[in-house]
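# Observations on the model geometry
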Amino acid sequence: MRAWIFRLVFACLLTGLIAWFHQSRASRPLRVDIAREEGRLIVGNGTEPATMDPSIATGVPEHHIFDALFEGLVATTVEDPDANGPGVATHWDTEDFVTWTFHLRPEAKWSDGTPLTAHDFVWSFQRILSPALASEYAEMLYPLRGAREFNEGKTRDFTSVGAQALDDRTLKLTLNGPAPYLPSMLKHYSWHPVPRHVIEKFGGMTDRDTRWTRAGNLVGNGPYKLKEWRFTHSITVEKNPHHWDAGKVRINEIVFLPIVSDATEERAFRDGQIHKTESMPLAQVPVYREKHPEFFHEHSLLSTYFYRINVTRPPLNNKLVRKALALAIDRDGLIRNVLRAGQKPATGFTPPGAGQGYLPPDVLGFRPDEARRLLAQAGFPDGKGFPKFEILINTLEAHRTIGEAIQEMWKKHLNIQVAVLNQDWGVYLDSQKKLQYDVCRAGWVGDYLDPFTFLSIWQTGDGNNQTGWSNVRYDGLMQASLRERDTARRLALLKEAESILLDELPVLPVYWYVRNQLIRPELKGYKPSLLEHICYKALYFED
């Protein structure tokens, strides 16, 4: 009897304790509410950045942080992050889109208070173009006269490059040919200045990843400065009082969290741990769209989801095999049945809306019969004798879901065996760079509003090519487009080049992106961007 009473009392106490615990949790303020009161924004940022050096970075996670820490001659605007507004330069002028003059603001400073001048830009351009730095984004500066020759080591005299500081406040850029899209291009972090006086304190001009990028050392010129970098945990930035527009910055701090798993990120958002996600699980998109529209945000991106193919590895070095793989992908079915998030099937590589009125070739589709015929022509009838290969992905549930769907399509329509290999971000980037893969998941966000940003990376030797593919005719067309002054003829050259790309298929376009993410309604001022730019000066919390 006593035992029964004891168990009853214990059960009541336990029930009460559980109820008290849940009530206590429910009444406890959420992390995002506390942060809002302190003027601190907490955001998911995908993965840990590979570097904090704008001259050698290549990823979107770095891009988001650099939008806070650095600023170029041209900047985003509060009204439209894809518009071209004043940055370090107050204004610029050109008569022929070949010679440009930028007028720097006299109050421009680094975050340590050191004056920022036109000479800093010239030194930064020399650094990223120096062959010893081996920057994968050096090609972004190839529109500059002589930049390619300097980067390839054909000349060591940087005065031959079209970047000249006329005085502390005047920068002259001379291009190979007309580039009306240059202001949009200059917002990319590869064109941002880096602090010579800090970099040379911790090493030489071309030393990679020295201590200058660490918290306490890193100096930038953006609306925020680096406060703390807890590796694999968080990166915190705080207001930069020396920024020329510091008075308009309304959020005190931004915390970037490297949350690799979109499921974990969604759970953190649901639990009130973060204000904005970088992405969200595919399965949750229709749920939030229908039941929680106050959190759900969807917008188009100037971006392509695709698979790189290592064309140095047989049988993937056979164009017929690559075409068979491309035609056996049911893009509409993938979007309709798996993704369900508003993506568009990629029938070319360059997405619509890339700028200048460019219309990409519309050639890719789902033609399994043709795919099987091509595979047989390549020597693998009904997939017989075709060696098993791997699709390399970086860690994210969505990439695995897509990889497994395409794996099943290739098995069903071509009767070939494919595995999906997962690697963490840094290892994945290294494998891709060293061509240590068969087929590799990739995405490309346009760096500026022009089709050249999508097509230039497939030129021979480009740091972002990473497929082993090379085509002399393609390279010639791309270089001719830089010299062509007539817009219609220039776009025709680019379209012919893309037609070659889609015939050779060192890459398999899958879909054109949309961004699905979750944002708490109290965060205001966020504007969608085709180019993934974020104007942090525009953000604020509603009281």
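Overview of the structure.

Here is what the cut-offs are and how they apply
- Each chain carries its own residue numbering, running from 1 in the written order of its sequence.
- Only residues with pLDDT of at least 70 get local features here, since the model is predicted, and only at 80 or more are side-chain atom pairs given and counted; chain-wide, interface and lining totals rely on the full set of residues.
- With hydrogens and water set aside, each side-chain value is computed from the structure's full complement of heavy atoms.
- We define a salt bridge as a side-chain nitrogen of Lys or Arg found within 4 Å of a carboxyl oxygen belonging to Asp or Glu.
- Working definition: with a 1.4 Å probe on protein chains only, accessible area under 20% of the residue-type maximum means buried, over 50% means exposed, and in between means partly exposed.
- Working definition: helices are DSSP H or I runs of at least four residues, strands are E runs of at least two. Numbering for both runs from the N terminus.
- Here the expected length of a helix is defined as 1.5 Å per residue gap, with one fewer gap than residues.
- An arc is given here, and it is the one of the directions from the helix axis to the C-beta atoms.
- A pair of strands is labelled paired if DSSP reports no fewer than 2 bridges between them.

### Observations concerning the pattern of salt bridges
Overall, the coordinates contain 26 salt bridges when judged by the stated rule. For Glu152, the salt bridge is made with Arg148, and the minimal N-O distance between the two is 3.0 Å. Under the relative-accessibility criterion, Glu152 is labelled partly exposed at 36%. With a relative accessible area of 22%, Arg148 lands in the partly exposed category. A salt bridge links Glu496 to Arg473, with the nearest nitrogen and oxygen atoms 2.7 Å apart. Within this pair, whereas Glu496 is found in helix α17 (residues 487-504), its partner Arg473 is found in helix α16 (residues 472-483), the two being separated by 23 residues in sequence. Overall, the relative accessible area of 36% leaves Glu496 in the partly exposed class. Here the residues in one salt-bridge network are Arg148, Glu152 and Lys154, joined through shared partners.

### Let's talk about helix α13 (residues 397-414)
Compared with the 26 Å implied by 1.5 Å per residue over 18 residues, the 25 Å span of α13 between its first and last C-alpha is a close match. Within α13, the full set of buried residues consists of Ala398, His399, Ile402, Gly403, Ala405, Ile406, Met409, Trp410, His413 and Leu414. Looking straight down α13, one finds its buried side chains confined to an arc of 160°; they lie on one side. At the exit of α13 stands Asn415, carrying a positive phi of roughly 60°.

### Quick word on the pairing of strand β10 (residues 253-257)
Of all the 5 residues making up β10, 5 are buried; the element is thus mostly covered by neighbouring parts of the structure. In β10, alternate side chains face the same way, and those of Glu253, Val255 and Leu257 on one face and Ile254 and Phe256 on the other are all buried. Sheet topology note: the strand β1 (residues 40-44)/β10 ladder contains 5 bridges and is parallel. Looking across to β10, one finds that Arg40 is bridged to Glu253. Of the pairings in the sheet, the one linking strand β9 (residues 234-239) to β10 comprises 4 bridges and is antiparallel in character. From the neighbouring strand, Val237 faces β10, where its bridge partner is Ile254.

### Concerning unusual backbone geometry
Going from Pro314 to Pro315, the amide bond is cis rather than trans, its omega being 0°. Positive phi values are uncommon outside glycine, yet Ala134 reaches one of about 55°. Locating Ala134 in the fold gives a position in the loop between α4 (118-129) and α5 (147-151). Taking the relative accessible area as the measure of exposure, Ala134 reaches 44% and is therefore partly exposed. Positive phi, normally seen in glycine, also occurs at Arg340, with a value near 50°.

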